[in-house]
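# Structure assessment
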Amino acid sequence: MTPLHQYLFLSALLFGVGLAGALTRRNAIIVLIGIELMLNAANLNFIAFWRFSRHPELATGLMFVLFSIGIAAAEAAVGLALIIAIYRHYRTANLDQFDSMKG
Amino acid sequence: MNLSLSILEFAVIGAGLAILLADLWTPVPQKRNLGYAAAAAVGLIFLASMLMQAAAPAYAFEKMYVLDGLALFFKRFFLFAAVIVLVMSVEFADRIEAGIAEYYALIMFALAGMMFAASANDFILVFVSLELITVTFYVLTSFQRGRLHSLEAGVKYLILGALASAFLVYGIALVFGVANTTNFGELMGSARVASARPVFLLGLLLVLVGLGFKIAAFPFQIWAPDVYQGSPAPTTAFLAVGSKAAGFILLLRVLFSAVPEITVNWTKLLMVIAGMTILYGNLCAIPQRNLKRLLGYSSIAHAGYMLLGVAAMNSAGSSAILYYLGAYLFTVLAAFTVICVVMRGVEGDDISAVAGLHQRSPLLAASLSLAMVSLAGIPPLAGFFGKFLLLKAVVEKGATQPGCYWLIAVAILGVVISLYYYLGVVRAIYWSKGSAELSDIKVSWPIQVSLYACIAAMFYLGLFPDRLVNIAMEAVKALKL
């Protein structure tokens, strides 16, 4: 069986890639994809920790992941709807252009 | 399993669904009045909550959910806030092109999220309730689909909010990995063992990032001014009061009932965050001309003041936070109700729009001025006593932690700076010359009632603070301080 630390390493990598994408990319959809990667990194962590825990019969980790997947879906749905609405006005999904409020 | 404990939340969700259903059979011109029905329903639930008692903490859902004095205090707080916000949104209804009933329903669903947050005793419930609040607020923020500022505020809140929740989830995963539980009660037992593990501390810090975002604490405050400015006024009011208070109850629960042993070592960190938040909010508010943006920066500063109570780490500090939130509730709701009425047809929410307000409507002028004076912390209004209690708690802490005196100096400096911009608004109301618009403003009776209630509460809490202070002292006994 793959040892725990390899899962944790993979998940940290996934989190880092997602964070880098969210911070450096300007396209709103790519940024959302980056954030989804970060959420999935956390989910992977949860599953790995649960699988290797001393009491896997307590399904806390699994349960959290189910909640997390559901909420991430809701967030993505609202986010994409918002980006479509804003695209209709600006004709772009570039975050740098949405900067009319300053001060 | 004791479902009856969360009867208030289920009642709010049920009322929200009922509003959505009623929308189907309501003719279009009547739709805005559904808001009064929603406000009445939430008001009834608020009265019912007054009958509830929580002598000993009671648990439900495998101890995920706790009903104690603290939870009940915050549930009443959120319910009252939602009543005023719903009345405000009826006033706002004609500025929303479509789907006003959904706006009311979403406010109620966010309210349910806040009430669950008040009872969170497990990181799972922390996450789910926080996301219920945040995801509904993405929609509430961008509800004026025709206004670019509203959409922009929505996108900014979405991106930064989702980023913060990603940090929160990753943090919870690390905490779970070390402690093998997400329940606060079980964490309390195992935290002493786990405290040596850096991974556990990293996880807790990431959780704090997520919560710091909700309360707009430095350095996670960047979204607040833009979102406050761009959102519809009732959303901004609910964001300023409800969402911030939900962040604070979760912060108190995590710090003082899940990991009190670790929190003790974080005094310095919390002190620095509090000081920076106060300074940042107050300094940036000075040049603002947009009233909602000004209140956005001011809300950052107030989060800083409340963090003083967290940094004090004694029951005096935590009960001062509760008192301060109570005072802040009435003050901010009064301010936003006036903004909601006055800024009809004004693009940009500029301060000049309130010029000569005392001639157009003395009630609105008085409410906004009193709210500003209370936010600035001038006696005898509620805001003064709140700041006094917070500083008193920090002074008590000062005996063991000399750095506290610096923090007090920073807080007082912040109050002095804030006098300038709060009184600038008052000056614009009464003493500005050459206002273009001098027609009378008609104020509907529900708005009048809520304004009178807020003014009365501001004076009552300022002059007779004992009652709320006692309630707050009782409530924080639920925390391990």
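As a reminder, the structure under discussion sits directly above these lines.
Residues numbered from 1 in each chain as written. Chains lettered and ligands numbered in written order. Predicted model: local features only at pLDDT ≥ 70, side-chain atom pairs only at ≥ 80, totals over all residues. Heavy atoms only, no water.

## Re the overall build of chain A
Heads up, the rule is: Only DSSP runs of H or I covering at least 4 residues are called helices, and only runs of E covering at least 2 are called strands; the numbering of each starts at the N terminus. Three labels apply to residues, based on accessible area from a 1.4 Å probe with only protein chains included: buried if under 20% of the type maximum, exposed if over 50%, partly exposed otherwise in between. Contact between two residues is taken to exist if any of their heavy atoms lie within 4.5 Å; hydrogens are not considered. Throughout, the Shrake-Rupley method with a 1.4 Å probe supplies accessible areas, and for residues the shown protein chains are the sole cover considered. His residues and chain termini do not enter the charge count, which takes Lys and Arg as positive and Asp and Glu as negative. The location of each charge is read from NZ of Lys, CZ of Arg, CG of Asp or CD of Glu.
Helix and strand counts for chain A stand at three helices and zero strands. Seen in sequence order, chain A has helices and strands lined up from the N terminus as α-α-α. For the C-alpha atoms alone, the extent of chain A along its principal axes is close to 55 × 25 × 25 Å. Among the 103 residues that make up chain A, the fraction classed as buried is 39%. If you take every contact in chain A between residues at least 6 apart in sequence, the share linking residues at least 24 apart comes to 57%. Per element, the accessible surface of chain A, about 5,600 Å² overall, is 67% carbon and sulfur. For chain A, the distance from the average site of its 7 positive side-chain charges to the average site of its 5 negative ones is 5 Å.

## Considerations on the nonpolar core
All names here are of chain B. Just so we agree on the cut-off: Definition of nonpolar core: a set of buried residues of the types Ala, Val, Leu, Ile, Met, Phe, Trp, Tyr and Cys, connected through side-chain atoms within 4.5 Å.
Ranked by internal contacts, the top residues of the largest apolar core, which has 237 residues, are Phe 74, Phe 78, Phe 238, Phe 248, Val 310, Leu 333 and Val 354. In terms of residues, this core owes the most to one element, helix H14 (residues 315–342), which gives 21 residues. If we ignore the near neighbours within four places in the chain, the residues touching Val 310 are Phe 248, Leu 251, Leu 252, Leu 255, Phe 256, Leu 270 and Ile 321.

## Notes on helix H5 (residues 123–141) of chain B
All names here are of chain B. So the rule is basically this: The span you would expect from a helix comes to 1.5 Å times its residue count less one. We define a polar contact as two N or O atoms separated by no more than 3.5 Å, with the added condition that, inside protein, one atom must be a possible hydrogen donor and the other a possible acceptor, whereas residues neighbouring each other in sequence contribute only through side-chain atom pairs.
Taking 1.5 Å of rise per residue, the 19 residues of H5 would be expected to cover 27 Å, and the 26 Å separating its terminal C-alpha atoms lies within 8% of that figure. Along H5, 16 of the 19 residues are buried, which leaves the element largely enclosed by surrounding structure. The N-capping residue of H5, defined by a side-chain oxygen 2.9 Å from the backbone nitrogen of Ile 124, is Asp 122.

## A look at the interface of chain B and chain A
Heads up, the condition is: The term buried area denotes the loss of accessible surface (1.4 Å probe radius) that occurs when two parts are joined, taken as the sum for both partners. The salt bridge criterion pairs a side-chain nitrogen of Lys or Arg with a carboxyl oxygen of Asp or Glu, the two atoms within 4 Å. Classes in brief: Ala, Val, Leu, Ile, Met, Phe, Trp, Tyr, Cys and Pro nonpolar; Asp, Glu, Lys and Arg charged; the others, Gly included, polar.
Listed as interface residues are 42 residues of chain B and, on the opposing side, 44 residues of chain A. Carbon and sulfur atoms make up 79% of the area that chain B and chain A hide from each other, which totals about 3,700 Å². Viewed at the interface, chain A and chain B are joined by zero salt bridges. For the pair chain B and chain A, the number of links is three residue pairs in polar contact (both at pLDDT 80 or more). If you list the elements that add at least two residues to the side of chain B that touches chain A, you get H5, helix H6 (148–179), helix H9 (224–230) and helix H13 (291–312) of chain B. With 22 residues, the single largest contributor to the side of chain B that touches chain A is H6(B). Split into classes, the residues belonging to the side of chain B that touches chain A amount to 25 nonpolar, eleven polar and six charged.

## Re the environment of Phe92(B)
Residue and element names in this part refer to chain B. Within the secondary structure layout, Phe 92 lies in helix H3 (residues 69–92). The buried category is assigned to Phe 92, whose relative accessible area is 5%. Measuring from C-alpha to C-alpha, the distance between Phe 92 and Cys 340 comes to 6.7 Å, with 248 residues separating the pair along the chain. In this structure Phe 92 touches Gln 144, Pro 232, Ala 233, Pro 234 and Cys 340, once residues within four positions along its chain are discounted.

## A word on the pattern of salt bridges
All names here are of chain B. Scanning the entire structure with this criterion turns up twelve salt bridges over all chains. Two residues, Glu 152 and Lys 156, come together in a salt bridge whose shortest N-O distance is 3.0 Å. Placement of the pair is Glu 152 and Lys 156 together in helix H6, with a separation of four residues, close to one helical turn. Side by side, Glu 152 and Lys 156 carry an identical accessibility label, which is buried. In this structure, Asp 349 engages Lys 292 in a salt bridge whose closest nitrogen and oxygen atoms are separated by 3.3 Å. With Asp 349 in the loop between H14 and helix H15 (357–360) and Lys 292 in helix H13, this residue pair connects regions lying 57 residues apart in the sequence. Like Asp 349, the residue Lys 292 is buried in the burial classification. Put simply, Glu 152, Lys 156, Asp 226 and Arg 293 are held in one network by salt bridges that share partners.

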